[in-house]
Amino acid sequence: MTALFLLNSCGLPYDRLDGGNGNKVPKKNFKFSNKKNIDIYSFKKNIEIDFFYEVDEIYESDRNFNFIGNHKIKGNGLIQFYENGCVRTMNKKFMNPDPQKIGGRGIIYSQNGILNCDIFSGGYNNKMYVETYKIKIENNKYYFLQTHNLSGNMCYVYVKGEKVPEEYKKYEAIW
C-alpha cells in the first residue's frame, strides 16, 4: 500500500464562468504557486497519464479513508493526469478536450517529501476555490479524501478508465 498525504484546503474567492454554456473553469492566467515542488519521478511512478481515471464510488469517510457513511454512491467524475504533474477534473457528461472550456485544474505536488493534490474548481455558489485532497493509492485504486467539506469528509475512489484520446493531448496543462 502506498499512502500520500496533503494539507487542508482553503477557499479562494475567484469567479469565472467560461465556455459559453455556464461551465465554471479557473481564470486563464491562474497558476499554482506550489508548482515548483512537483516530484515528477514519484508522480510518474504511480500514475499512467495515458488514461482517464473515473470515479468508481463516493463515500463519507473518517480522516483515514475508512467508510463511516450509510451508503456508497457512484459518480460521474473523472481525472486526466498530465506529464508535468498537472491534473484536470471533468464530469463525464460534459467533456471537452480544451481545458479552457471545461474542467477544474489541479496540481500534484510534493511537500516535505509527500505527494499532495490541490484542485481549483467551481462551487455551487459561482465561486472558485481550491479543494485539497489526502491521497492513498492501493490495488490500482486512487483514493482522494476531501477534508473540511460542509457535509463531512468525502472519499472519491478512482479507477483507470478509457484511454485519453489524442485530441485531448493537443492541449498543454500550463497552470
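Everything discussed here concerns the structure shown above.
Residues numbered from 1 in each chain as written. Predicted model: local features only at pLDDT ≥ 70, side-chain atom pairs only at ≥ 80, totals over all residues. Heavy atoms only, no water.

Peer 1: Before we move on, could you go through the nonpolar core and cite the residues and values that matter?
Peer 2: Core analysis: the largest hydrophobic core is formed by 20 residues, its most contacted members being Phe81, Phe144 and Tyr158. In terms of residue count, the dominant contributor to this core is strand S4 (residues 51-61) (4 residues). (Core = buried A, V, L, I, M, F, W, Y, C linked by side-chain atoms within 4.5 Å. Buried < 20%, exposed > 50% of the residue type's maximum accessible area, 1.4 Å probe, protein only. Helix = DSSP H or I, 4+ residues; strand = E, 2+ residues; numbered from the N terminus.)

Peer 1: Describe the packing of aromatic side chains, and please don't skip the residues or the numbers.
Peer 2: Scanning the entire structure with this criterion turns up 9 aromatic pairs. Summarising the aromatic geometry, the rings of Tyr133 and Phe144 are spaced 5.7 Å apart at their centres and angled 65° between planes, so their arrangement reads as edge-to-face. Highlighted residues: Tyr133 in strand S9 (residues 128-138) and Phe144 in strand S10 (residues 141-149), separated in sequence by 11 residues. Among the residues examined, Phe144 registers a relative accessible area of 3% and is labelled buried. Both rings, one in Tyr133 and one in Tyr156, keep their centres 6.4 Å apart while their planes meet at 80°; by these two values the pair is edge-to-face. In this pair, Tyr133 sits in strand S9 while Tyr156 sits in strand S11 (residues 152-163), placing the two residues 23 residues apart along the sequence. Summarising the burial analysis for this pair, Tyr133 and Tyr156 share the class buried. Above the plane of the ring of Phe51 lies Lys160, whose end atom (NZ or CZ) is 4.5 Å from the centre. (Phe/Tyr/Trp six-rings, centres within 6.5 Å; stacked < 30°, edge-to-face > 60°. Lys NZ or Arg CZ within 6 Å of the ring centre and 35° of its normal.)

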